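Notes for the structure review
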Amino acid sequence: MGYWYDDYDDFDYGDDFTLSDYEVSPDTVLIEGPLYAQSRRGDIGSEWWSMAWVEVLQQLGYDSRMQRGKTYARNGSVKHLQISHGMVYAEVSGSRYKPYRTAIHLSVLDDEAWDAVLAALSKQAIYAAKLLAGEMPPDIETLFQQAGYSLFPRNSRDLNFECSCPDWGDPCKHATAVYYLVAEQLDIDPFLLFHLRGRNREGILDAL
């Protein structure tokens, strides 16, 4: 959630929120920028799984914050993405001279959850075949739910936002821009969704 300050000109960024404050997995994926969304108008995200990722914001009632986030996702404001287990970190240019520090936090599935999910996945060869081909099986969320879990965030306990900007909105436009750009990265590599939930590509394929 953004930090509120009455006078934007006197807003003190301080050192209260930096990447070093967080435990970052050694297999963090770094995507250098500035990043520009490939979609120049309309929806962002072309594959069903990236569209489902975006729909999470709509289901959580964040529609009013999403349009301005699209603008920031398309104009190169996001300087880079660091995608780790349970977190996306980015610096995003705004109205101030110094980029805002933005993070998206997702709950990570524990070992017991992954053992159950991977056991279910491994029983059906089609899942491994599709994932190896760079596709997310269309009913994979159903399989996760049958195991008692979810691949996509379901509620505010699964997903929350942090930004050093003075915008009280939650999520702010900077965090929403980062969220949209993650959707486009999921178009390229669906394994990043597993990565965010706590298992990288190698771990998934080894188990399958």
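Residues numbered from 1 in each chain as written. Predicted model: local features only at pLDDT ≥ 70, side-chain atom pairs only at ≥ 80, totals over all residues. Heavy atoms only, no water.

What follows covers helix α2 (residues 63-74). The first and last C-alpha atoms of α2 sit 18 Å apart over 12 residues, in line with the 16 Å expected at 1.5 Å per residue. Buried within α2 we find Met66, Gly69, Lys70, Tyr72, Ala73 and Arg74. Residues of α2 that are buried make contact with β1 (29-35), α1 (48-59), β2 (78-84), β3 (87-92) and α6 (173-188). Gly76, located one to two residues past α2, shows a positive phi value of around 80°. (Helix = DSSP H or I, 4+ residues; strand = E, 2+ residues; numbered from the N terminus. Expected span 1.5 Å × (residues − 1). Buried < 20%, exposed > 50% of the residue type's maximum accessible area, 1.4 Å probe, protein only. Contact = heavy atoms within 4.5 Å.)

Glancing now at α1. An α-helix turns once per 3.6 residues; consequently, residues spaced three or four apart project the same way. The end-to-end C-alpha distance of α1, which contains 12 residues, comes to 16 Å, matching closely the 16 Å that a straight helix rising 1.5 Å per residue would cover. Looking at the packing, one finds that the buried side of α1 touches α2, β4 (100-106), β5 (159-163), α6 and α7 (191-196).

Both the distance between ring centres and the angle between the ring planes are used here to describe each pair of aromatic rings. This structure, assessed with the given rule, holds 9 aromatic pairs. An aromatic cluster is defined as three or more aromatic residues linked by ring pairs; in this entry it consists of Trp53, Tyr62, Phe161 and Tyr179. (Phe/Tyr/Trp six-rings, centres within 6.5 Å; stacked < 30°, edge-to-face > 60°.)

On to the pattern of salt bridges, then. Side-chain pairs of opposite charge can arise whenever the charged atoms involved come near each other. Evaluation of the coordinates by the stated rule reveals 4 salt bridges. The residue Arg199 makes a salt bridge to Asp111 at a minimum N-O spacing of 2.9 Å. Taken together, the positions of Arg199 in the loop between α7 and α8 (201-207) and Asp111 in helix α3 (residues 111-122) put the pair 88 residues apart, joining distant regions of the chain. Glu135 is the salt-bridge partner of Lys130, the closest N and O atoms lying 3.7 Å from each other. Classification of Lys130 by relative accessible area gives partly exposed; the value is 25%. On the basis of relative accessible area, Glu135 is assigned to the partly exposed category, the value being 37%. (Salt bridge = Lys/Arg side-chain N within 4 Å of Asp/Glu carboxyl O.)

Among the nonpolar cores identified, the biggest contains 57 residues, and Trp53, Leu81, Val178 and Phe194 are the most heavily contacted of them. Here this core takes 9 residues from α6, the largest share from any one element. (Core = buried A, V, L, I, M, F, W, Y, C linked by side-chain atoms within 4.5 Å.)

This next bit is on the sheet that holds β4. Taken together, 5 strands build an open sheet; the order of strands is β1-β2-β3-β4-β5 and the sheet is antiparallel. Each having just a single partner strand, β1 and β5 make up the two edges of the open sheet. Adjacent strand axes in the sheet meet at a mean angle of 15°, parallel and antiparallel pairs treated alike. Bridge analysis of β1 against β2 gives 5 bridges, and the strand direction is antiparallel. Within β2, the position partnered with Leu30 by the bridge is Gln82. (Pairing = 2+ DSSP bridges. Axes fitted to C-alpha atoms, helices over the stretch in contact; angles between N-to-C directions.)

A separate point is the environment of Tyr36. Assignment of secondary structure puts Tyr36 in the loop between β1 and α1. Given a relative accessible area of 47%, Tyr36 falls into the partly exposed group. In this structure the C-alpha to C-alpha distance between Tyr36 and Val78, which are 42 residues apart in sequence, comes to 7.8 Å. Not counting residues within four places of it along the chain, the set of residues in contact with Tyr36 comprises Ala73, Arg74, Asn75, Gly76, Leu181 and Glu184.

Let's shift gears to the packing of α2 against α6. Interhelical geometry of α2 versus α6 gives an angle of 65° and a closest axis separation of 7 Å. In terms of orientation, α2 and α6 fall into the roughly perpendicular class. Note that α2 runs across α6; the crossing there is right-handed. Of the residues in α6, those touching α2 at Arg65, Met66, Arg68, Gly69, Lys70, Tyr72 and Ala73 are Lys173, His174, Thr176, Ala177, Tyr180 and Leu181. (Parallel < 35°, antiparallel > 145°, perpendicular 65-115°, else oblique. Left-handed = near helix turned anticlockwise from the far one by under 90°.)

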